[in-house]
Amino acid sequence: MDARSQSGRTESELEAENRELRAQLGQARDHERFIESILENLPAMVFVKDAADLRFVRFNAAGEALLGFSRADLLGKSDFDFFPAEEARHFVEKDRQVLAGRVVLDIPEEPIHTHHGLRHLHTKKIPILDDDGDPLYLLGISEDVTELKASGEALRARTEELETARALLVQNEQRLRVLLQHFPGVVWTTDARLLLRSVDGAGAQGLGLNARIGYSVGECLPAGPDDNVEIGRAHV
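Thresholds applied
- Residues numbered from 1 in each chain as written.
- Predicted model: local features only at pLDDT ≥ 70, side-chain atom pairs only at ≥ 80, totals over all residues.
- Heavy atoms only, no water.
- 1 Å grid on protein atoms, 1.4 Å probe; cavity = no way out; pocket = protein on both sides within 12 Å on 5 of 7 lines; lining within 4 Å.
- Points joined across faces, edges and corners; volume = space filled by probe spheres on them.
- Patch = residues over 30% accessible without salt bridge, like charges linked within 9 Å, V, L, I, M, F, W, Y side chains within 5 Å.
- Areas by Shrake-Rupley, 256 points an atom, 1.4 Å probe, with all protein chains shown as cover.
- Salt bridge = Lys/Arg side-chain N within 4 Å of Asp/Glu carboxyl O.
- Helix = DSSP H or I, 4+ residues; strand = E, 2+ residues; numbered from the N terminus.
- Buried < 20%, exposed > 50% of the residue type's maximum accessible area, 1.4 Å probe, protein only.
- Phe/Tyr/Trp six-rings, centres within 6.5 Å; stacked < 30°, edge-to-face > 60°.

### A word on empty space enclosed by the protein
Step number 1: In the structure shown here, the tally under the stated rule is 1 cavity of 30 Å³ or more.
Step number 2: Approximately 120 Å³ is the volume attributed to the largest cavity.
Step number 3: Along its surface, the largest cavity is lined by 15 residues, and Met45, Phe47, Asp79, Phe91 and Ile112 are the ones closest to its centre.

### Topic: a nonpolar patch on the surface
Step number 1: Residues Phe34, Ile35, Ile38 and Leu42 make up a contiguous nonpolar surface patch of roughly 330 Å² in combined accessible area.
Step number 2: The topology assignment puts Phe34 in helix α1 (residues 11-41).

### Regarding unusual backbone geometry
Step number 1: You will see that Leu54, though not glycine, has its phi angle at about 60°, which is positive.
Step number 2: In this fold, Leu54 is placed in the loop between β1 (45-50) and β2 (56-59).
Step number 3: Classification of Leu54 by relative accessible area gives buried; the value is 2%.
Step number 4: The phi dihedral of Arg102 is positive, around 55°, even though this residue is not glycine.
Step number 5: The topology assignment puts Arg102 in the loop between α4 (85-101) and β3 (105-114).

### Looking at the packing of aromatic side chains
Between two aromatic rings, the relevant description is the distance of the centres plus the angle of the planes.
Step number 1: Taken as a whole, this structure holds 6 aromatic pairs when the rule is applied.
Step number 2: Between Phe56 and Phe59 the ring centres are 5.1 Å apart and the planes differ by 75°, which places this aromatic pair in the edge-to-face class.
Step number 3: Looking at Phe59, the relative accessible area reads 4%, which means it is buried.
Step number 4: An aromatic cluster is present here, built from Phe69, Phe82, Phe83 and Phe91 joined pairwise through their rings.

See below:
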């Protein structure tokens, strides 16, 4: 029979408990490796800060690439060790806002100075709480939207240019319309089949052309030997 330990359990019972503990520890390690693999391969920057002092305790590979710092440089440090003072104060202010409110904060766009120059990030900050609801960590997930922002600005600039050109075109068309209305002769346009499409000019009424839209030019113009009509053509 198995001898009983001071706890009153037999050696076989203790061994069974140890096997169960080792199995649970192995599962916990597997789970940790699984989570670590996900974080390391995410294309977005992921960082974790200690809620007490807002120092970095975890950083993934995408974050290293984005900022241009190694995690060996980042871990144990704060924003003030890497970024301009005003920028660091902004980051810390948002961090404390998240931790105090225990709510997720979505920041659509914020500038950040990196080793690669100024970038723009879309960041979510999430409080990680203990069983009592007190903050333990702050989780941050940031996506680089610099190129997206630049393309959006270029599109807006192009749209403004087109609107300006359209307004200028309308203005010029109005001026041309006034000029044609006071032109003493006749100005007309035809389609590809040489059918009259539009008529302008003070002389159009005298020739009766306003009522001849859709007719061929030959049908509309006087052809008698006594008619004195000078015709000029321009192809557009």
